[in-house]
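Structural characterization, general
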Amino acid sequence: MQLPGSRVPRKRLENDDIIVEISPVCGGSLTRFDYKLRDSQVPILRQCDDSLIDQLSPLGASCFPLLPYSNRLRDGLFVIGDQRYQHSLNCPPEKHSSHGDAWMRQWRIGGISGSHIELLLEPEDKQPIKYLASQIVRLENSTVSIHIQVTNKDDVRAPFGLGIHPYFRRSADAQLVCHLERQWETDAEFMPLRSIANPMSARMANGILVRDLPESGAFYSASTNAQIAWPSNGLRLDIESDPPMQHAIVWCPAGQDFFCYEPVSHMVDGFNMERAGVRNSGVKHLDPNQSLEATWTFSVSVEGSPTP
């Protein structure tokens, strides 16, 4: 279903419980994820900024894909053998490259129905390492799933990663439950230095108010599955990934109406940190025509506070 009145094309998926909107041309991003609660529609993800979406800026989106890596890549550079590869510095004045390039490109529709949409992204010659990607967003009852696959279409074995960048609705009573055992200590540029025990692990496991989370943090654990609750309207969201994502980014900028909990496959600056010998980087190396894929599911229920 094409939405009327929007300058940038968006598609809607809807069932008895959920409304999701997608903008293929604006980074393959979600621009809406609402739950139908009684006679109202409650945002699970933040409401998008229409003016930014109409400028093809995914920074106004509700969620966007992270490919062929997530988070920051130092100076946009990585090395394979003796060859240096450069990603564009895509978030000036930020000196590092962020989130790969899939979120800044136009995806095309491969297939669509009332309950799913398949988006495709073809290789580009200007990419440091050429890749093919697909993204399938699907509704089933009160669950939204996002399946992402990336395939190495270059002629060299290369590092890859993937993730998603959801912006969740922030309220005064929003709570998060997660089991994050380790934290990446970072420098002033949010680049990793070393792995340490997560000092907030117990509070997070027992349910922590979002307002008490650090403004930014990078974590590592056996699983980054989580629950978010908004007690004021009794909604709970269960977040799961398959295979389990073992890295998570938390971003809670002050004064905003959103917070981010991003389950991703590898650490910040993973390509360079792995090359430097850091363990548990999460980086995957793909041979030509080899693929990496994962599915994230978001299940909404009417319960109240999350359970540890």
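Located above this text is the structure these notes cover.
The paragraphs below set out a description of the structure included in this document.

Cut-offs and rules
- Residues numbered from 1 in each chain as written.
- Predicted model: local features only at pLDDT ≥ 70, side-chain atom pairs only at ≥ 80, totals over all residues.
- Heavy atoms only, no water.
- Helix = DSSP H or I, 4+ residues; strand = E, 2+ residues; numbered from the N terminus.
- Salt bridge = Lys/Arg side-chain N within 4 Å of Asp/Glu carboxyl O.
- Buried < 20%, exposed > 50% of the residue type's maximum accessible area, 1.4 Å probe, protein only.
- Pairing = 2+ DSSP bridges.
- Polar contact = N/O pair within 3.5 Å; in protein donor to acceptor, adjacent residues only side chain to side chain.
- Disulfide = S-S within 2.5 Å.

**Details of unusual backbone geometry**
The omega torsion of the bond from L67 to P68 falls at -5°, within 30 degrees of zero and hence cis. Within the secondary structure, P68 is located in the loop between β5 (63-66) and β6 (72-73). Backbone torsion omega between P92 and P93 reads 5°, so that peptide bond is classified as cis. When you line up the elements, P93 lands in the loop between β8 (83-86) and β9 (97-98). With phi around 60°, F190 is a residue other than glycine that occupies positive phi space.

**Focus on the pattern of salt bridges**
Overall, the coordinates contain 16 salt bridges when judged by the stated rule. Here E14 and K36 are joined by a salt bridge, their closest N and O atoms 2.8 Å apart. Of the two residues, E14 sits in strand β1 (residues 11-14) while K36 sits in strand β3 (residues 29-37), which places them 22 residues apart along the sequence. Its relative accessible area of 36% is what places E14 among the partly exposed residues. Relative accessible area serves as the criterion here: at 24%, K36 is assigned to the partly exposed category. The salt bridge involving E122 is made with R108; its shortest N-O contact spans 2.9 Å. With E122 in the loop between β11 (116-121) and β12 (131-140) and R108 in strand β10 (residues 108-112), the pair connects residues that are 14 residues apart, well separated along the chain.

**Regarding the sheet that holds β10**
A sheet is described by the order of its strands in space; here nine strands give the open sequence β10-β11-β12-β13-β26-β22-β21-β16-β19, paired in antiparallel fashion. Among the strands making up the open sheet, the edge pair consists of β10 and β19 (208-209).

**Observations concerning the side chain of T151**
For T151, the position within the fold is in strand β13 (residues 143-152). When its relative accessible area of 9% is taken as the criterion, T151 is described as buried. Engagement of the side chain of T151 in a polar contact is seen with the side chain of S291, the distance being 2.5 Å.

**Observations regarding the side chain of E21**
Inspection of the secondary structure puts E21 in strand β2 (residues 18-23). In this structure E21 comes out as buried when scored by relative accessible area, which is 6%. Within polar-contact distance, the side chain of E21 engages the side chain of R12 at 3.0 Å.

**Regarding the pairing of β10**
If a strand is regular, its side chains alternate between the two faces of the sheet. The pairing of β10 with β11 spans four bridges and is antiparallel. Bridged to I109 within β11 is L119. Between β10 and β11, which pair antiparallel in sequence order, lie three residues.

**Overview of the environment of G234**
Along the chain, G234 falls in the loop between β21 (226-230) and β22 (235-242). The spacing of G234 and L37 is 197 residues in sequence and 9.7 Å in space, taken between C-alpha atoms.

**A few points about the state of the cysteines**
If you walk through the whole model with that rule in mind, you get zero disulfides. The closest cysteine sulfur to the non-disulfide-bonded C48 is located on C26, 8.7 Å from its own sulfur. Overall, C48 belongs to the buried group, its relative accessible area being 14%. Distance from the sulfur of C260, which forms no disulfide, to the nearest cysteine sulfur (C252) is 7.7 Å. Take C260: its relative accessible area is 1%, and that puts it in the buried class.

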